[in-house]
Structure formats: structure tokens, C-alpha cells
Amino acid sequence: MLNEPKDLVGNVLYILLARQFEDDRLLSEVKDWRMTVVLDTDYYPVTLTFADGITIERGAVPNPTIILGTTFDTIVSIAAEEMSPVRGLINRKLRIRGLLKHPRAAFRFYRLIVRAMGV
Amino acid sequence: MEIKQRLMKIVGPERVADGAAEKHVYSYDMTENPSLPPSLVVMPQTLEEVQQIVQAANTTKTPLIPFVTGQSVGGLTIPAVEGAVIVDLKRMNRIIEVDEEAMYVLVEPGVTFGHLKKYLDDHHPTLRYTYPLAPPYTSVLANALLEGLCDLSTRHGAMADFINGLEAVLPTGEVVRVGTGASGEGNWFSRYPLPDLVGLFAGWQGMTGIVTKMALQLWPKMPFNRHVGLLCFGEEPTIRMLTRIARTQVLDDSVCVSTPLVKMVSGVAAPVELYDGEPDYGMLLTVSGNTETEVSEKINVIRRIVNEERETDSRHVLISWEGLMKLMGDQWGPFVDLPSEMYKVLAEHDGLTWVGTYIHPKYWKTVLEEGRAIVEKYGFELIANLKAMKGMHFGEFKFIFRFPKDDDTVKRVRECNAELLDLALSYGAIPYKTPVWAAKKLQERLDPNFVMLMRRVQRALDPNGIMNPGRWGLDERD
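What you see is a predicted model; the values in this text were computed from it and never measured. (Residues numbered from 1 in each chain as written. Chains lettered and ligands numbered in written order. Predicted model: local features only at pLDDT ≥ 70, side-chain atom pairs only at ≥ 80, totals over all residues. Heavy atoms only, no water.)

J.: Requested: an account of the overall build of chain B, with residues and values cited.
T.: Along its length, chain B carries 16 helices and 20 strands. Over its C-alpha trace chain B gives a radius of gyration of 22 Å, about what one expects of a compact globule, namely 23 Å for 478 residues. With respect to the principal axes defined by its C-alpha atoms, chain B has extents near 75 × 55 × 40 Å. For chain B, the residues scored as buried account for 61% of the 478 residues in total. (Helix = DSSP H or I, 4+ residues; strand = E, 2+ residues; numbered from the N terminus. Rg over C-alpha atoms; globule rule 2.2 N^0.38 Å. Buried < 20%, exposed > 50% of the residue type's maximum accessible area, 1.4 Å probe, protein only.)

Take a look at the structure:
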């Protein structure tokens, strides 16, 4: 379902998502998703490819469904519950590209990552 | 009478072994240092037995090697000469006394970190000792004698600084006590203001006698503790931040490791690389206090320094421990209680080694930069480990190698370690837990009169040259 990436940001995503996939219902739901998301951080970009599971790879694929731009510091602030994801969006600490074109995909990923961060 | 018969008479035949299997087990450790089997192994249980073993060895001129678990990561218990007897002290494992008022513990050599931590947590919960990056089954006493580092080193220094005094059997068989414990039982409160004879044993790698008891400082367990992580980029900013934070004196401890080690603890499988864009280093910083406010203010001191550095590079990130565990895994939780947890990932292969050194702060960054280039040249995983020592009076650094013990890899490890040591020595760094090959390199750079003094002290204490001969490269007799 999930590969174990060897880079730092990819590994963080893996740890966050692996915890969630102990829930079989979520697991079977996510398996049906078909989209690519680039998490574009100030460290480096990471691509999540949803297709019968999730593949996490260092780097950005061309033409992803969604691009989520942020900094690692923002990810840490959200994880530590010092900043809510909504506040991050309002302050443009989180920037979503592809939202208008792929609102369903954006919403799905947002919901998954917010749940994974436990906030 | 042969030494074997003498030893069997002292401890009983069941505690003397010279089978091939036993000799093999004691012939090597996890390092790249060459193996050599002992002639036999003896396991005393009392001071009197140790004394009689030493007296017998003097009669037969038999080399003795004090041993507890052999985990020094310096090859320090591998026999350096033929015909040696391993004196395995792990049966001497009593915690003899905990003095709550003067805050010390009196232990025998076989007491381990895991044993002591549990004992204090169960019976003296307001006190704590200090714990190293070593397995929990290693010896508290041996670690202090070898002057290594621990999880209070940023505040208090090397482990030998925790020694209040000790009891030892001299190489000629007399039992001595040094420190205030020499004045009677229950009085091991300090090693001063007497002449500091702890120095006749600490750092000597068992060449000056067998230490049979040691009094070690305990510290109040503070009611409030907090840990933070810090991810940082580049050697210069990393060392600058670590140095600045340590000099504020708010830290109990600091551990700074290269990012591959952070990823290993987070579960990334070997081999682990450092990729472009990743932070170069991760730090664990520990503070404590009597109130939550005191702890919060200490964290604010750290945060202020990090924020100043972030004006130059905003990628440096300070992470609360809860946030770090959420993002990097629950396995980070136990690490703050017992640093041994990090050791698990270093035991990936059958080989593990490092040359650890203490260094002047002004050279810390340069050695780290140049050392990293050497490790990368040899193609090993980049596992750097640094600690600010004793309020930043000096720094510690080492490059750790976990490796499979095939001939080619061992050869490369030896070459890389030698190059790293040459680099460190060129900047005046001094290795700790020094294997013989490194001690010989060190001697070339030390004042000859210092080496002469070491040799003179060792010969005065051990006229027959029976105690762990070959260590420190001091065995050549005129």
C-alpha cells in the first residue's frame, strides 16, 4: 500500500500515513483514488502518487493533480498544533495549486493529511 | 603450579574456562581491531578473589585483562599479547550503597546502566545517574573509567568527572582506596581535597590495577524536563548554533547527529544516504528545571538563538519533542530516557567502530567539515555524532561506522579511521577509549615527557607488567 521512502520528508509522510492506514476503511477508500500530489517544501519536493495505494518519491513529477506549497517549519507547526491548517491556508503558509481544476482531489488530500497530522 | 590450577583454587573450577568457544568469545569485539584469544577466562565474585588472582598472576608473570562486557568500541579488552587471562568482573554486580544526602552511588564493576537506572527509579526516584550511547547491559564503572560521554555531559563533562573515588587492587596485589572513601565506609562524598589519585586509574584502560568499587555522583531528578529537536543546514551554522546554545548554560545535554542517523532511528533501511535539500544535522537538546516556567524560559533562550540564525537560513527548524515523535516516529520517545535506544540502529551489521575525540571548540567546525569529506570519499554512511561538553569548554565529535566484517570493508574502515584520526590529531583533538593503533599515533604528537611520565607511573605501579600489557602503546620496556 505504501512504499518506505529513504529521504527525510518522504519518510515523514510515510510515518504519518502509515499510522492512518491501520484503519481498513480508509485504506480501501484511498486505494480507489487516482491522483498525483506534489508536496513542494523549502527542503525539496516530494511526489505522492495515488494508484492502488500510495507511492512516495523524492522530486516533483510534471503536471501533478495538486501542488501543495509549504515549508518544513509550517509542517512542524501544524504537527505541534501551533498552527491550524486553516490558519496556514489563510496566511498562505500552505498554498494549494490545482484547487479550482481538481477540487475533489484537493479536498481528499487535505482531509487525509489533516487527519494524518492529528489536528 | 600452572596459572589455571592456581585460579581454579581461588574461584573454583566452574569459574575458570579455557574451552575454544569461551576463548573465541573473548577474542574480539565489534570493532575492526584484530582479534586474539586469551589463554583462559576467570570470573571472580569478591574483592578477595580479585586480589588473589592478581597475586597469582604476579607469581607466574601472567598478563591480566579486566573485562565486564567488552563493549568499549575501542578493542580495549581484546588481548594485545599472547597468554593473557581475561578477568571477567560481571559477577561482581552489587549496588553497595546509595547515599541520598551526598548524592552518590557505590557500585561494583558488573553493575550495568540498565540495572542502575531501574534500581534508582524503584528505590531512589528523586535521584538520577547519567547514561551513554551504549547498550543498557554495559558497565557503569568501566564507562566512567574510560572517560566517555553521557547524557549529562553538556552540563557536567566526561563520565570520569562523576567519579568521587574508587577501590582498586593494584597490579602488585594491594587493595587501595582513593577519594574521601579512603577515610572510612559511607564517606565517598568527593575526590577532593586530597591529592587526586583517581587519575592513577581513570583513562588507563586497566593498566594500573583492577577497580573493584567506584563511587559515582548522582544528581537530583528535576521535576520538569523538556526535549526539543533542531534540524539545521551546513557545518558552520550547526556548530555556531550548538556552541551559542551550549554557552547559555541552559542545557542538560546536547546530541547533534548527521541526518542519516536521524533517518535510521526513524526507520529508514540501510544503506542510508544524505540527499540534496535535506538538513545536514539534527540535534536533541534537553533542558530541565524546578518549575514549568523555568523550563519554558530555557526553551525560549534556545528559540531566540535559532530565530536569529533563521534570519540567514529559514530552513533551520526547532521542533517540539511531541511534534518530532508525531512526524518522525514513536521510537524517538524512549531515546530521551535511555540513549541506548539509538544504539540499536548502529548494530545493523556485526561491525561497529568510531574514533571519538575531544577537541578545542575553535577547530570543531573545520574538523567536522574535513572529516565529512573523508567519510564521503570512502563511501560510508555519514554518521557524525557531536556533543557540547561541560558547558562548551570543549567539544566531542566522532564519525561512526556500522559495517559488515568482510575483509575488504574492514580494510576500508581501518584506512578511513586512520585518516580521520590523523585529521583530528592535526587539530589537537585527543581521542578517548583509544585503541592501540590510535594511541601510537597520539604518542607521536604528545610531549615526549608526558609519555615518559605515563610510562614511569605505569612501571612504578606494575613492575611485572602484568596489567593489560600493550595498551596505550606503553609496552616497550627499555
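J.: Please set out the nonpolar core residue by residue, giving values where relevant.
T.: With 77 residues, the main nonpolar core has A:Phe50, A:Ile54, A:Phe72 and B:Met328 as its most contacted residues. With 8 residues, helix H1 (residues 8-20) of chain A is the single largest residue contributor to this core. Each of two domains, domain 2 (95-220) and domain 3 (224-433) of chain B, supplies a minimum of three residues to this core. Excluding anything up to four places from it in sequence, A:Phe50 contacts A:Val30, A:Trp33, A:Arg34, A:Met35, A:Val37, A:Phe109 and A:Leu112. If you look at the next biggest cluster of nonpolar residues, it comprises 46 residues, including B:Val228, B:Val375, B:Tyr378 and B:Ala424. (Core = buried A, V, L, I, M, F, W, Y, C linked by side-chain atoms within 4.5 Å. Domains from an automatic or database assignment. Contact = heavy atoms within 4.5 Å.)

J.: Requested: an account of the environment of B:Gly356, with residues and values cited.
T.: Residue and element names in this part refer to chain B. Within the fold, Gly-356 resides in the loop between strand S16 (351-354) and strand S17 (357-359). Residue class for Gly-356 comes out buried when judged on its relative accessible area of 0%. C-alpha of Gly-356 to C-alpha of Ile-239: the two residues are 117 residues apart in sequence and 17 Å apart in space.

J.: Before we move on, could you go through the interface of chain A and chain B and cite the residues and values that matter?
T.: Contacts between chain A and chain B engage 24 residues on the former and 30 residues on the latter. In this assembly, chain A packs against chain B so that about 2100 Å² is buried in total across both faces, 59% of it on carbon and sulfur atoms. If you sort the residues of chain A by the area they bury against chain B, A:Lys6, A:Leu8 and A:Tyr43 come out on top, with a joint share of 33%. Taken together, the connections running from chain A to chain B amount to 3 salt bridges. The shortest N-O distance in the salt bridge between B:Lys326 and A:Glu81 comes to 3.4 Å. Our count for the contact surface shared by chain A and chain B stands at 11 residue pairs in polar contact (both at pLDDT 80 or more). (Buried area = accessible area lost by both parts, 1.4 Å probe. Salt bridge = Lys/Arg side-chain N within 4 Å of Asp/Glu carboxyl O. Polar contact = N/O pair within 3.5 Å; in protein donor to acceptor, adjacent residues only side chain to side chain.)

J.: Which residues make up the sheet that holds strand S6 (residues 104-107) of chain B, and what values do they have?
T.: Residues and elements named next belong to chain B. Ordered by their spatial adjacency, 5 strands build an open sheet running S5-S6-S10-S8-S9, and the pairing between neighbours is antiparallel. With one partner strand each, in any of the chains shown, strand S5 (95-99) and strand S9 (175-179) form the two edges of the open sheet. When strand polarity is set aside, the average angle formed by the axes of neighbouring strands in this sheet is 10°. By the bridge criterion, 4 bridges tie S5 to S6 in an arrangement that is antiparallel. (Pairing = 2+ DSSP bridges. Axes fitted to C-alpha atoms, helices over the stretch in contact; angles between N-to-C directions.)

J.: Residues and numbers for the sheet that holds strand S5 (residues 95-97) of chain A, please.
T.: Where strands meet in a sheet, backbone hydrogen bonds hold them as pairs that are either parallel or antiparallel. Residue and element names in this part refer to chain A. Read from one edge of the open sheet, 5 strands run S3-S2-S1-S4-S5, paired in mixed fashion. Looking at strand neighbours, the two that pair on one side only are strand S3 (54-58) and S5, the edges of this open sheet. When the angles between neighbouring strand axes are averaged without regard to direction, this sheet yields 20°. The pairing of strand S4 (residues 66-69) with S5 spans 3 bridges and is classified as antiparallel. The partner of Ile-67 across the bridge, within S5, is Arg-97.

J.: Residues and numbers for the side chain of B:Asn33, please.
T.: All names here are of chain B. With respect to the secondary-structure elements, Asn-33 resides in the loop between helix H2 (20-25) and strand S2 (40-42). You can call Asn-33 buried: its relative accessible area is 13%. Of note is the side chain of Asn-33, whose polar atom sits 2.9 Å from the side chain of Thr-31. A distance of 3.4 Å separates the side chain of Asn-33 from the side chain of Trp-437, its partner in a polar contact. When sequence neighbours within four positions are dropped, the list of residues in contact with Asn-33 reads Gly-74, Gly-75, Ile-78, Arg-414, Pro-435 and Trp-437.

J.: So what about the pattern of salt bridges? Which residues, and what values?
T.: All names here are of chain B. In the structure shown here, the tally under the stated rule is 38 salt bridges over all chains. Measuring nitrogen to oxygen at the nearest pair gives 3.0 Å for the salt bridge that ties Lys-398 to Glu-396. For the pair Lys-398 and Glu-396, a shared accessibility class is recorded, and that class is buried. Close ionic contact of Arg-412 with Asp-408 constitutes a salt bridge, the shortest N to O distance being 3.9 Å. Of the two residues, Arg-412 and Asp-408 both sit in helix H14 (residues 407-426), 4 residues apart, roughly one turn of that helix. Under the relative-accessibility criterion, Asp-408 is labelled exposed at 51%. Ionic contacts of the salt-bridge type, sharing partners, join the residues Glu-236, Arg-240, Arg-244, Glu-308 and Glu-309 into one network.

J.: So what's going on with unusual backbone geometry? Residues and values would help.
T.: Residue and element names in this part refer to chain B. In the segment running from Tyr-192 into Pro-193, the intervening peptide bond is cis, with an omega of 10°. Pro-271 follows Ala-270 through a cis peptide bond whose omega is -10°. In this model, Val-73 sits at a positive phi of 55°, which is unusual for a non-glycine residue. Tracing the backbone through its elements, the reader meets Val-73 in the loop between strand S3 (64-67) and strand S4 (85-88). Phi at Trp-472 is positive, roughly 60°, even though this residue is not glycine. Among the structural elements, Trp-472 can be located in the segment after helix H16 (448-461).

J.: Quick one: what's the story with the pairing of S16(B), residue by residue and with numbers?
T.: Residues and elements named next belong to chain B. Alternating positions in S16 separate into two faces, Gly-351 and Thr-353 on one and Leu-352 and Trp-354 on the other, with burial throughout. Sheet analysis places S16 next to strand S19 (residues 394-403), joined by 4 bridges and oriented antiparallel. Bridged to Thr-353 within S19 is Phe-401.

J.: Explain the domain arrangement of chain B to me, and be specific about the residues and the numbers.
T.: All names here are of chain B. Entries for chain B in the domain assignment read domain 1 (3-88), domain 2 (95-220), domain 3 (224-433) and domain 4 (437-473). Here domain 1 and domain 3 have C-alpha centroids that lie 36 Å from each other. Residue-level contacts link 12 residues of domain 1 with 13 residues of domain 3. Taking both sides of the interface into account, the surface hidden between domain 1 and domain 3 amounts to around 870 Å²; carbon and sulfur atoms contribute 50%. Counting the surface domain 1 buries against domain 3, the share from its top three residues, Met-30, Glu-32 and Val-73, is 69%. Counting the contacts that link domain 1 with domain 3 gives 6 residue pairs in polar contact (both at pLDDT 80 or more). When its residues are assigned to classes, the side of domain 1 that touches domain 3 shows 5 nonpolar, 5 polar and 2 charged. (Nonpolar A, V, L, I, M, F, W, Y, C, P; charged D, E, K, R; others polar.)

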